[in-house]
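Coordinates in review
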Amino acid sequence: MDGPPANDVCSICHGNFHVPCQSNCSHWFCANCILQVWDHGSAVQACKCPLCRRPITLLVPSDSASRLHRDPEVPEVLRRVEHYNRHFGQHNSSLFQRMQDLPFLLRRLLRDMTDPQRSLPFVIRARVYLAVILSGIYVLSPVDIIPEGVLGIIGLLDDLIIMFICFLHVAALYRSVLLFRHGGS
């Protein structure tokens, strides 16, 4: 989904979306609305999502936002989104925050990799494929750190840990791509 759900409205202004942005918690807001929430809070901390209270460390404008060229306000709003992302997107987040961001990042990555109109850098694409292939080989191979045959279901723990580490790595790679695209770096 590249834009907010059909027939949905911004949960801040309760109006139709103007320059829609998706936060790292997967909620959609008008870019100007969520930036006003940040303006009225602490300037040195990321704002919290008004719906789920998670820190918003990444705002991703929909592709349709950049197509609104006739509105003179749009470039300024997108510049402020880039500023926000530069300021808060690079912060080291906790493991818990990274786990919460996994569904958002992996869904967007899958959509970007399957969309012929989108282009991910070859190096990122290759690293994603390599991480997925190597973790798949490990999970399917009979060689395990914790053998399933000896410990039964507990033996699956190392497979799950390897897959989790792979997903974290892939999400971190894609996050850097999103920051590059929408952070002006």
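Residues numbered from 1 in each chain as written. Predicted model: local features only at pLDDT ≥ 70, side-chain atom pairs only at ≥ 80, totals over all residues. Heavy atoms only, no water.

**As for the side chain of Ser 135**
- Mapped onto the secondary structure, Ser 135 falls in helix 4 (residues 122–140).
- The residues touching Ser 135, leaving out its near neighbours within four places in the chain, are Ile 162 and Cys 166. (Helix = DSSP H or I, 4+ residues; strand = E, 2+ residues; numbered from the N terminus. Contact = heavy atoms within 4.5 Å.)

**Thoughts on the UniProt feature "transmembrane region" (unreviewed entry) in the protein**
- UniProt marks residues 122–140 and 160–180 with the feature "transmembrane region" (unreviewed entry), using the numbering shown here.
- In the segment residues 122–140, helix accounts for 100% and strand for 0%; the C-alpha atoms at its two ends are 27 Å apart. (UniProt positions renumbered as here; feature names shortened; annotations may be inferred.)

**Details of the state of the cysteines**
- According to the stated counting rule, one finds zero disulfides in the structure shown.
- For Cys 13, which is in no disulfide, the shortest distance to another cysteine sulfur is to Cys 33 and amounts to 3.7 Å.
- Note on Cys 13: relative accessible area 39%, which makes it partly exposed.
- Distance from the sulfur of Cys 30, which forms no disulfide, to the nearest cysteine sulfur (Cys 10) is 3.8 Å. (Disulfide = S-S within 2.5 Å. Buried < 20%, exposed > 50% of the residue type's maximum accessible area, 1.4 Å probe, protein only.)

**What to know about the confidence of the model for the protein**
- A residue-level look at the protein finds 92% of positions with pLDDT of 70 or above and a mean pLDDT of 84.
- Looking over the protein, one finds the lowest element-wise mean pLDDT in helix 5 (residues 148–151), namely 70, and the highest in strand 2 (residues 28–30), namely 95. (pLDDT = per-residue confidence, 0-100.)

**Overview of the packing of aromatic side chains**
- This structure, assessed with the given rule, holds three aromatic pairs.
- Taking the centre distance of 5.6 Å and the plane angle of 90° together, the rings of Trp 38 and Phe 88 count as edge-to-face. Pair noted here: Trp 38 is in helix 1 (residues 31–39) and Phe 88 is in helix 2 (residues 73–88), with a separation of 50 residues, a long-range link.
- Ring centres of Tyr 84 and Phe 88 lie 4.8 Å apart, and the angle between their planes is 55°; on these two criteria the pair is classed as tilted. In this pair, Tyr 84 and Phe 88 both sit in helix 2, four residues apart, roughly one turn of the helix.
- Grouping aromatic residues by their ring pairs yields a cluster made of Trp 38, Tyr 84 and Phe 88. (Phe/Tyr/Trp six-rings, centres within 6.5 Å; stacked < 30°, edge-to-face > 60°.)

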